[in-house]
There are 2 protein chains.
Amino acid sequence: MPASRQRPTVRQLEYVVAVADHLSFSAAADVCGVSQPALSTQVREVEQRLGLSLFERGRGGVSVPDHAVAVIDAARRAIRAVDDVADAAVDLQGELVGPVRIGIIPTMAPYLLPTLVRELRRRHPRAEPALTEERTDELVRRIELGELDLGLLAAPVPSDSLASIPVAIDEFHLALGEDHPYAGEGSLPSGVLAGLPVLLLEDGHCLRDQAMDVCATAGASTDGAIQGTSLTTLCQMVSAGGGVTLLPASALEVEARPGSGLVTRSLRDPRPSRTVVLAWRDRSPLAAMYAAFGDAIAPALQAACPTT
Amino acid sequence: MPASRQRPTVRQLEYVVAVADHLSFSAAADVCGVSQPALSTQVREVEQRLGLSLFERGRGGVSVPDHAVAVIDAARRAIRAVDDVADAAVDLQGELVGPVRIGIIPTMAPYLLPTLVRELRRRHPRAEPALTEERTDELVRRIELGELDLGLLAAPVPSDSLASIPVAIDEFHLALGEDHPYAGEGSLPSGVLAGLPVLLLEDGHCLRDQAMDVCATAGASTDGAIQGTSLTTLCQMVSAGGGVTLLPASALEVEARPGSGLVTRSLRDPRPSRTVVLAWRDRSPLAAMYAAFGDAIAPALQAACPTT
DNA sequence: GGCGTCGATAGCCTTGCCCTATGCCCGCAT
DNA sequence: ATGCGGGCATAGGGCAAGGCTATCGACGCC
């Protein structure tokens, strides 16, 4: 009885990848939207068809044996290849259709997302945006894996399998409590940072690193700087008199509106900024369409990042 | 009601590719081993899910509109990617398991196939060889597409997406009717070809081109040479006194055995030959295993190509 | 030592897929 | 012109793959 090879189902491959990602059958089943027994059965089925065991079930949960990683990677590629078929189909509609999964870094999401979604709806009415907030590293990883279609983040993009185009320059302003000595009008030289207690985001945010760069350039030390978990939190700490912070221009309207207790002043010499980019998997069948979309929305996004 | 994107089935993709290949629903259904209505339904289903029509049904049969070729190519890639999962699994078994689809060019098949299959069975007892006889171009195309796993053919391999290793040197001998003036023992200088009516295979066989090269080098003309459809036919024509031909050493035992009415003499100055290579898709997960296999069987295949 | 968690197994059922039969439209030939 | 045949679409019934609930066995933890 020859064990003629059988092709695994795409769904089965998804199950396998989900288990590998979560190292748990129950969690994987949950993510896949099926019951745990259904997933267990299918995974077992795949293992049988492939003639080897993909997971070690045992004490301390599930683990992936070394020899299985190649198979699981192949499964990821296969799933993406199948999805690419649908993308190739969408491509020649001339517009984006169906789910468009967009990831945005947390320091842009609240401020640029409305513009982004408005532009998407306007230019691609049949697209169905699905939004996620992730930090740069996770965002890039998920785009590479094909779990996300587009990313809005700050240059540089730490990946060589992603394509991207700049869509806006987002200048950093200095945010001060309204009773701070520097509160006032007009711009300040960046050098003033050297003498100020700058509040930073917690580690992992790219804005934190950019702010630290700005401080270093200005000759300011960031040792022992207090950390916040979001720009909103930072702003509240600033308005409570806890120091100053750097705020991207895109956030000004939301975070430093009149009555917020915050005053912002632009900086000069140098004038610090971050570059907002739209990114996608460069091998995606929709790469050209994403590029055109990025190109088209750049003015709107730049308008959301007021320049002085 | 948002038309949330749905993933096509691998089987559905196969149907689509089959229709594109045969430009006929009935023929495609036949190849896929299902009824025509079943295939029609599934193809329609795919078109619906992708939101576009992949084929023009109409007068004069089925045609593929320009815009659909990208999608169909993506489908081919997807199918191959899924198959690669199974191959990746086989790879780490340490041996070939399940179907191994091998293509051999017609001028090697009858003579080298037995050795090849014997070696495959010996080294990979759980492999299930499936053999096809194709000329070089078609062979290469089908390996590239993933329709074949291995190819046995003559160097050079006209593709840069295929890997290959030489497994034997197969010398060309001169085959003569046993009453031919040159019939005898020992070797002849290649130059004698210049004065002989050399029978060639019909166009499309690589051996024909190689033989013509040999003749050209020897200063012989091949204009108006008579053509045969197989080496066996050529040999029968030769033994009937219709001329001479070039015969690879691997074919000697079968075609020029005593009683065949054929005499063969080796050639020198130069000593013409073809290089037998084993080839595979270089991106295949099993590439390393194929290379090892080729390496391992080279001695046995060389033994099947007796050298003088 | 009982309990909670996690994966495997059992039994039932839904549904996706395939088959046969048939209809429709075309080109072609009588 | 009309009947015939090839080719794809449609209809309806059947089977089996795959899903769900319920339950069990193993293990770790309080």
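Basis of the calculations
- Residues numbered from 1 in each chain as written.
- Chains lettered and ligands numbered in written order.
- Predicted model: local features only at pLDDT ≥ 70, side-chain atom pairs only at ≥ 80, totals over all residues.
- Heavy atoms only, no water.
- Near = heavy atom within 4 Å.
- Polar contact = N/O pair within 3.5 Å; in protein donor to acceptor, adjacent residues only side chain to side chain.
- Helix = DSSP H or I, 4+ residues; strand = E, 2+ residues; numbered from the N terminus.
- Nonpolar A, V, L, I, M, F, W, Y, C, P; charged D, E, K, R; others polar.
- Contact = heavy atoms within 4.5 Å.
- Buried area = accessible area lost by both parts, 1.4 Å probe.
- Salt bridge = Lys/Arg side-chain N within 4 Å of Asp/Glu carboxyl O.
- Core = buried A, V, L, I, M, F, W, Y, C linked by side-chain atoms within 4.5 Å.
- Buried < 20%, exposed > 50% of the residue type's maximum accessible area, 1.4 Å probe, protein only.
- Domains from an automatic or database assignment.
- Least-squares fit on C-alpha atoms with pLDDT ≥ 70 in both.
- Arc of directions from axis to C-beta.
- Phe/Tyr/Trp six-rings, centres within 6.5 Å; stacked < 30°, edge-to-face > 60°.
- Axes fitted to C-alpha atoms, helices over the stretch in contact; angles between N-to-C directions.
- Parallel < 35°, antiparallel > 145°, perpendicular 65-115°, else oblique.
- Left-handed = near helix turned anticlockwise from the far one by under 90°.

1. Notes on the protein's contact with DNA strand D
- Near DNA strand D, the surroundings consist of 18 residues, among which Tyr 15 and Ser 35 of chain A together with Ser 26, Ser 40 and Arg 57 of chain B are the closest.
- Of everything in DNA strand D that lies within 4 Å of the protein, sugar and phosphate atoms constitute 68%.
- One of the backbone nitrogen or oxygen atoms of Ser 35 of chain A is found 2.7 Å away from a phosphate oxygen of DNA strand D.
- Looking at which element gives the most residues to the surface near DNA strand D, the answer is helix H3 (residues 36-50) of chain B, with 4 residues.
- Its residues placed into classes, the surface near DNA strand D shows 7 nonpolar, 7 polar and 4 charged.

2. Side note on the protein's contact with DNA strand C
- Of all residues adjacent to DNA strand C, which total 18 residues, the nearest are Ser 26, Ser 40 and Arg 57 of chain A together with Tyr 15 and Ser 35 of chain B.
- Gln 36 of chain A has a polar side-chain atom sitting 3.0 Å from a base nitrogen of DNA strand C.
- Between DNA strand C and the protein, one listed contact pairs a phosphate oxygen with a side-chain N or O atom of Arg 11 of chain B at 3.4 Å.
- If you list the elements that add at least two residues to the surface near DNA strand C, you get helix H2 (25-32) and helix H3 (36-50) of chain A together with helix H1 (10-22) and H3 of chain B.
- Here the element with the most residues in the surface near DNA strand C is H3 of chain A; it accounts for 4 residues.
- Among the residues making up the surface near DNA strand C, the classes are represented as 7 nonpolar, 8 polar and 3 charged.

3. Quick look at the interface of chain B and chain A
- Facing the 36 residues of chain B at the interface are 36 residues of chain A.
- Summing the contributions of chain B and of chain A, the shared interface buries around 2,900 Å²; its carbon and sulfur component is 65%.
- Inspection of the region where chain B meets chain A yields 4 salt bridges.
- Where Asp 83 of chain B meets Arg 7 of chain A, a salt bridge forms, and the shortest distance between an N and an O atom there is 2.5 Å.

4. Examining the nonpolar core
- Core analysis: the largest hydrophobic core is formed by 64 residues, its most contacted members being Leu 50, Leu 54 and Phe 55 of chain A together with Leu 50, Leu 54 and Phe 55 of chain B.
- Residues in contact with Phe 55 of chain A, not counting those within four places in the same chain, are Val 16, Val 19, Ala 20, Phe 25, Val 43, Glu 47, Val 62, Ser 63, Val 64, Pro 65 and Ile 72 of chain A.
- Grouped together as the second largest cluster of nonpolar side chains are 41 residues, Ile 165, Trp 280, Phe 293 and Ala 304 of chain B included.

5. Describing unusual backbone geometry
- Between Ala 155 of chain A and Pro 156 of chain A the backbone carries a cis peptide bond, its omega angle lying at 0°.
- Here Pro 156 of chain A is to be found in the loop between strand S5 (150-154) and strand S6 (162-177).
- At the junction of Asp 269 of chain B and Pro 270 of chain B, the peptide bond is cis and its omega measures out at -10° in the coordinates.
- Relative to the assigned elements, Pro 270 of chain B resides in the loop between strand S11 (262-268) and strand S12 (273-281).
- Residues other than glycine seldom take positive phi values, yet Asp 269 of chain A does so here, at roughly 60°.
- Checked against the element boundaries, Asp 269 of chain A lands in the loop between strand S11 (262-268) and strand S12 (273-281).
- Backbone geometry at Leu 23 of chain B places phi at a positive 50°, although glycine is not the residue there.
- Mapping Leu 23 of chain B onto the fold places it in the loop between H1 and helix H2 (25-32).

6. Notes on the domain arrangement of chain A
- Under the domain assignment, chain A is made up of domain 1 (10-80), domain 2 (96-168 + 275-303) and domain 3 (172-273).
- Between domain 1 of chain A and domain 2 of chain A, the C-alpha centre-to-centre distance is 30 Å.

7. What about the relation of the copies chain B and chain A?
- Rotating chain B by 180° about the axis while translating it 0.0 Å along that axis superimposes it on chain A, leaving an RMSD of 0.1 Å. Interpreted geometrically, this transformation is the action of a two-fold axis.
- Of the residues that chain B buries at the interface, 100% are likewise interface residues in chain A, meaning the two copies contact each other through the same surface.

8. A word on helix H8 (residues 231-239) of chain A
Residue and element names in this part refer to chain A.
- Buried within H8 we find Leu 231, Leu 234, Cys 235 and Val 238. All buried residues of H8 lie within an arc of 100° about the axis, which places them on one face of the element.
- Following H8 by one or two positions, Gly 241 has its phi on the positive side, about 90°.

9. Some details on the pattern of salt bridges
- Within this structure, the stated rule accounts for 35 salt bridges over all chains.
- The partner of Arg 76 of chain B in a salt bridge is Asp 21 of chain B, and the shortest N-O contact between them spans 3.1 Å. Residue Arg 76 of chain B is located in helix H4 (residues 69-91), and its partner Asp 21 of chain B is located in helix H1; the two are separated by 55 residues in the primary sequence.
- The class for Arg 76 of chain B is partly exposed, based on a relative accessible area of 23%.
- Exposure remark for Asp 21 of chain B: the relative accessible area of 41% places this residue in the partly exposed category.
- The partner of Arg 208 of chain B in a salt bridge is Asp 203 of chain B, and the shortest N-O contact between them spans 3.7 Å.
- Take Arg 208 of chain B: its relative accessible area is 13%, and that puts it in the buried class.
- Judged by its relative accessible area of 55%, Asp 203 of chain B falls in the exposed class.
- Each of Arg 7 of chain A together with Glu 14 and Asp 83 of chain B takes part in one network of salt bridges that share partners.

10. A closer look at the packing of aromatic side chains
Residue and element names in this part refer to chain B.
- Counted by the stated rule, this structure contains 4 aromatic pairs over all chains.
- When the ring of Trp 280 is compared with that of Tyr 290, the centres are 6.4 Å apart and the planes differ by 50°; the resulting orientation is tilted. Taken together, the residues span a long stretch of sequence, with Trp 280 in strand S12 and Tyr 290 in helix H10 (residues 287-303) at a distance of 10 residues.
- A residue is classified by how much of its surface remains accessible, and Trp 280, at 4% relative accessible area, is buried.

11. Remarks on the packing of helix H5 (residues 109-123) of chain A against helix H10 (residues 287-303) of chain A
Residues and elements named next belong to chain A.
- Axis separation between H5 and H10 bottoms out at 10 Å; the angle between their running directions is 130°. The orientation of H5 with respect to H10, classified from their angle, is oblique. You can see that H5 and H10 cross each other, and the crossing is right-handed. Contacts from Leu 112, Thr 115, Leu 116, Glu 119, Leu 120 and Arg 123 of H5 reach H10 at Phe 293, Ala 296, Ile 297, Ala 300 and Leu 301.
- When grouped by side-chain class, the residues that make up the contact of H5 with H10 number 8 nonpolar, 1 polar and 2 charged.

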